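# Descriptive analysis of the structure
The residues making up each chain are set out below.
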Amino acid sequence: MSDQGRVALVTGGVQGLGAATVRALAARGFAVAAGCRTVRDEAQAFADESGARVYGWDVADFDACGEGIAAVERDLGPVDVLVNNAGVTRDVMLHKMSRADWDAVVDVDLGSMFNMCRHVIGGMRQRGYGRIVNISSVNGQRGQAGQTNYCAAKAGVLGFTRALAREGAGKGITVNAVAPGFSDTRMVAAVPDDILQRILAQVPLGRLGEPWEIARCVAFLASEDAGFITGATLAVNGGFYMT
Ligand SMILES: NC(=O)c1ccc[n+]([C@@H]2O[C@H](COP(=O)([O-])OP(=O)(O)OC[C@H]3O[C@@H](n4cnc5c(N)ncnc54)[C@H](OP(=O)(O)O)[C@@H]3O)[C@@H](O)[C@H]2O)c1
């Protein structure tokens, strides 16, 4: 079977890397649901333009994830592909970090892995097919000052990915991670320019990634074509961190 008509759900899917992923999956023929925290005018405009359906819930809230996924499945059918992309940063050095800064990032960036996967994994196992792609970060691999919360969460995503890959392998489910480098989105626009320039000086390709350059890798891992890849971390970072 091809990917045509399969149902894909992308969290954080109305802007940045998530929106590019929604477009890439739609171009491959998936029926796509795009999640965001709150459906505002721009999210609805994105839905009209991309052909995706847009849904709003907080991925840090386990019950809200269950209700949101149920709504997607009522509208489109069972979720074949889940892209856990929603993420936030609260950058501050550890000696100044509040408990709220820690919780906000860990609950969204790592907690969402459980909150989302727990609600789709049973159905994927029953149907004998699934693709899960979790968005980590180069900073979860190499560490970044001012981001102990984010780096811990994004490194946790990689362990979660490998463990779930082993659980799903006998049931036709692949679970992989993409670890983007610094890319041209709202999240990076928040990084002070002097810091960003210092980082870019260490990137062999010498530039930010374009959202579509990350998205096409996610779409590949979400496709039938990637059926022999599981538990992998695909680094898409301009050479910033080589493993
Ligand atoms: N950009 C980069 O350089 C870079 C590098 C490495 C990894 N990443 C990772 O890639 C992913 C996408 O990043 P991005 O740069 O595209 O970020 P972005 O432009 O800030 O978009 C983040 C998306 O996540 C959604 N989101 C945030 N918190 C949420 C919550 N609690 N519940 C539901 N949705 C929530 C946002 O929805 P709302 O719009 O409704 O708030 C938004 O759609 C993130 O996981 C990020 O950590 C990014």
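As annotated in an unreviewed UniProt entry, the protein is Acetoacetyl-CoA reductase from Roseospira goensis. For the record of the protein, the UniProt heading Sequence similarities (unreviewed entry) holds the text "Belongs to the short-chain dehydrogenases/reductases (SDR) family."

### Observations concerning the pairing of strand β5 (residues 130-135)
Of all 6 residues that make up β5, 6 are buried, and the element is covered over most of its length. Covered by surrounding structure in β5 are G130, I132 and N134 together with R131, V133 and I135, the residues of both alternating faces. Relative to β5, strand β4 (residues 81-84) is paired through 4 bridges, and the arrangement is parallel. Counterpart to L82 in the pairing with β5 is I132.

### Observations concerning the UniProt feature "domain: Ketoreductase" (unreviewed entry) in the protein
As annotated by UniProt and renumbered to match this structure, "domain: Ketoreductase" (unreviewed entry) occupies residues 6-181. Helix makes up 52% of residues 6-181 and strand 18%, and the two end C-alpha atoms of the span are 29 Å apart.

### Some thoughts on the sheet that holds strand β3 (residues 53-56)
Ordered by their spatial adjacency, 7 strands build an open sheet running β3-β2-β1-β4-β5-β6-β7, and the pairing between neighbours is parallel. Sheet topology places β3 and β7 (233-236) at the edges, where each strand pairs with a single neighbour. Ignoring strand direction, the axes of neighbouring strands in this sheet form an average angle of 20°. For strand β2 (residues 31-36) and β3, the ladder comprises 4 bridges, and the chain directions are parallel. Bridging across to β3, G35 finds its partner in Y55. Of the strands in this sheet, β1 (7-10), β4, β5 and β6 (173-180) touch helix α4 (residues 99-127), which is tilted by about 170° from β4.

What counts, and where the lines are drawn
Per chain, residues are indexed from 1 in the order of the written sequence. Local features in this predicted model are restricted to residues of pLDDT 70 or higher, and side-chain atom pairs are both shown and tallied only at a pLDDT of 80 or more, whereas totals for entire chains, interfaces and linings draw on every residue. Heavy atoms from the whole structure form the basis of all side-chain values; hydrogens and water molecules are not counted. UniProt positions are given in the numbering used here, feature names are shortened, and annotations may be inferred rather than shown by experiment. Think of it in three bands: residues with accessible area under 20% of the maximum for their type are buried, residues over 50% are exposed, and the middle band is partly exposed, with areas taken using a 1.4 Å probe on protein chains only. To qualify as a helix, a DSSP run of H or I must reach at least 4 residues; to qualify as a strand, a run of E must reach at least 2; elements of each kind are numbered from the N terminus. Criterion used throughout: strands pair if DSSP finds at least two bridges between them. An axis is simply a line fitted to the C-alpha atoms; with a helix, the fit covers only the stretch in contact. Between two such axes, the angle follows the N-to-C directions and lies from 0 to 180 degrees. Two residues form a contact once any of their heavy atoms are found within 4.5 Å.

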